[in-house]
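Analysis of the macromolecular model
Each chain, written out:
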Amino acid sequence: MKFFVDTADTDAIAELNDLGMVDGVTTNPSLILKSGRDILEVTKEICEMVAGPVSAEVVATEADDMIAEGRKLAEIAPNIAVKVPLTWAGLKACKVISGEGHMVNVTLCFSANQALLAAKAGATFISPFIGRLDDLNLDGMDLISDIRQIYDNYDFKTEILAASIRSANHMSQAALIGADVATAPPNVIKAMASHVLTDKGLDAFLKDWAKTGQKIL
Ligand code: E4P
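Described below are features of the structure shown in this document.

For the rest of this paragraph, the subject is the nonpolar core. Formed by 58 residues in total, the largest nonpolar core has its most connected members in Val25, Val84, Val106, Ile126, Ile147, Ala162 and Ile165. For Ala162, the contacting residues outside a window of four places in its chain are Pro128, Ile130, Ile144, Ala174, Ala179, Val181, Ala182 and Thr183. Phe4, Ala81, Phe125 and Val181 belong to the second-largest nonpolar core, a separate cluster that totals five residues.

Quick look at the pairing of strand E3 (residues 54-57) now. Neither face of E3 is exposed, since Val54 and Ala56 on one face and Ser55 and Glu57 on the opposite face are all buried. As defined by bridge partners, strand E2 (residues 24-26) adjoins E3 across two bridges and the pair is classed as parallel. Paired with Thr26 across the bridge in E3 is Ser55. Bridge count between E3 and strand E4 (residues 80-85): four bridges; the pairing is parallel. Across the sheet, the residue bridging to Val54 is Ile80, located in E4. For the segment spanning E3, helix H4 (residues 63-74) and E4, crossover handedness is right-handed.

Attention now moves to the site of the ligand. Looking at the ligand, the residues that line it are Asp6, Thr26, Asn28, Lys83, Phe129, Arg132, Ala163, Ser164, Arg166 and Thr183. Lys83 is positioned with one of its side-chain polar atoms (N or O) 2.7 Å from an oxygen atom of the ligand. Ser164 places a side-chain nitrogen or oxygen 2.7 Å from an oxygen atom of the ligand. For the ligand, whose accessible area on its own is 340 Å², the fraction buried by protein is 85%. Cavity membership is defined here by more than half of the atoms lying within 2 Å of grid points; on that basis the ligand lies in the largest pocket. Across the shell around the ligand, the residue classes break down as two nonpolar, four polar and four charged.

By volume, the largest pocket is sized at about 500 Å³. Around the largest pocket sit 25 residues that line it, and Asp6, Asn28, Leu31, Lys34 and Pro185 are the ones nearest its centre. Of all the secondary structure elements, the ones that give two or more residues to the lining of the largest pocket are helix H1 (10-18) and helix H2 (29-35). In terms of residues, the lining of the largest pocket owes the most to one element, H2, which gives four residues. For the lining of the largest pocket, the residue count by class is eight nonpolar, 10 polar and seven charged.

Our focus in this paragraph is the packing of H1 against helix H3 (residues 39-49). Two elements in contact, H1 and H3, have axes whose closest approach is 11 Å; the angle formed by their N-to-C orientations is 5°. What the angle tells us is that H1 and H3 run roughly parallel. For the pair H1 and H3, the contacting residues are Thr10, Ile13, Ala14 and Asn17 in the first and Val42, Glu45, Ile46 and Met49 in the second. A breakdown of the residues in the contact of H1 with H3 according to their chemical character gives five nonpolar, two polar and one charged.

With that out of the way, let us pick up the pairing of E4. Most of E4 sits inside the fold, with six of its six residues counted as buried. Here E4 shows two buried faces, one formed by Ile80, Val82 and Val84 and the other by Ala81, Lys83 and Pro85. Summarising the sheet, E4 and strand E5 (residues 103-109) pair through five bridges and their orientation is parallel. Bridged to Val84 within E5 is Val106. The parallel pair E4 and E5, bridged by helix H5 (residues 88-99), forms a crossover whose chirality is right-handed.

The rules we used
Residues numbered from 1 in each chain as written. Predicted model: local features only at pLDDT ≥ 70, side-chain atom pairs only at ≥ 80, totals over all residues. Heavy atoms only, no water. Core = buried A, V, L, I, M, F, W, Y, C linked by side-chain atoms within 4.5 Å. Buried < 20%, exposed > 50% of the residue type's maximum accessible area, 1.4 Å probe, protein only. Contact = heavy atoms within 4.5 Å. Helix = DSSP H or I, 4+ residues; strand = E, 2+ residues; numbered from the N terminus. Pairing = 2+ DSSP bridges. Right-handed = clockwise from strand over helix to strand, strands pointing away. Near = heavy atom within 4 Å. Polar contact = N/O pair within 3.5 Å; in protein donor to acceptor, adjacent residues only side chain to side chain. Areas by Shrake-Rupley, 256 points an atom, 1.4 Å probe, with all protein chains shown as cover. 1 Å grid on protein atoms, 1.4 Å probe; cavity = no way out; pocket = protein on both sides within 12 Å on 5 of 7 lines; lining within 4 Å. Sits in = over half its atoms within 2 Å of the grid points. Nonpolar A, V, L, I, M, F, W, Y, C, P; charged D, E, K, R; others polar. Points joined across faces, edges and corners; volume = space filled by probe spheres on them. Axes fitted to C-alpha atoms, helices over the stretch in contact; angles between N-to-C directions. Parallel < 35°, antiparallel > 145°, perpendicular 65-115°, else oblique.

Here's what the structure looks like:
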């Protein structure tokens, strides 16, 4: 499973990228707001840091305007994935922008039918939002499973990009189901390294080591 990092914080991206943990980046208007940066400027900087796809989201709601915004975003760098919402207008924009040879990430997907339409419209990535479904007491992982089965049934090439990931458990569950990509905030990717038994075991080893009175260096 590829790891995308869900942030526009360039310091956080750099830290994970140095460890080889970053296969791509996803941003959205809320993350641009949080960064306090200009969208074109920060997106260009991220595209220079990361070799993989960098999603930048359109904010228009009509298809023609989305296409114009998408073309402008795609000019930033060759690794831009234009992000469009899963509306009828967004599907029209997806068809045109992907037809022009750009990657398209169709976002805000909450049903298997929406994912089916995005694949038909030529999406490079479909972004089902796990956490936001869980927030409504639905099971976001069921949606990932359903889309996996549908895409495999018909050999759709659209990649399943598990999004709205809130915990390390979401990452392993998405990997078990076979999501192609998971995008997660930096703190969730770091949390994947944590285990209470690792901390407990290390503590015991260090206490015993101190009793030996030895040094390695
Ligand atoms: C990714 O592309 C999405 O923008 C993101 O994962 C949304 O996550 P949230 O539901 O935690 O805001």
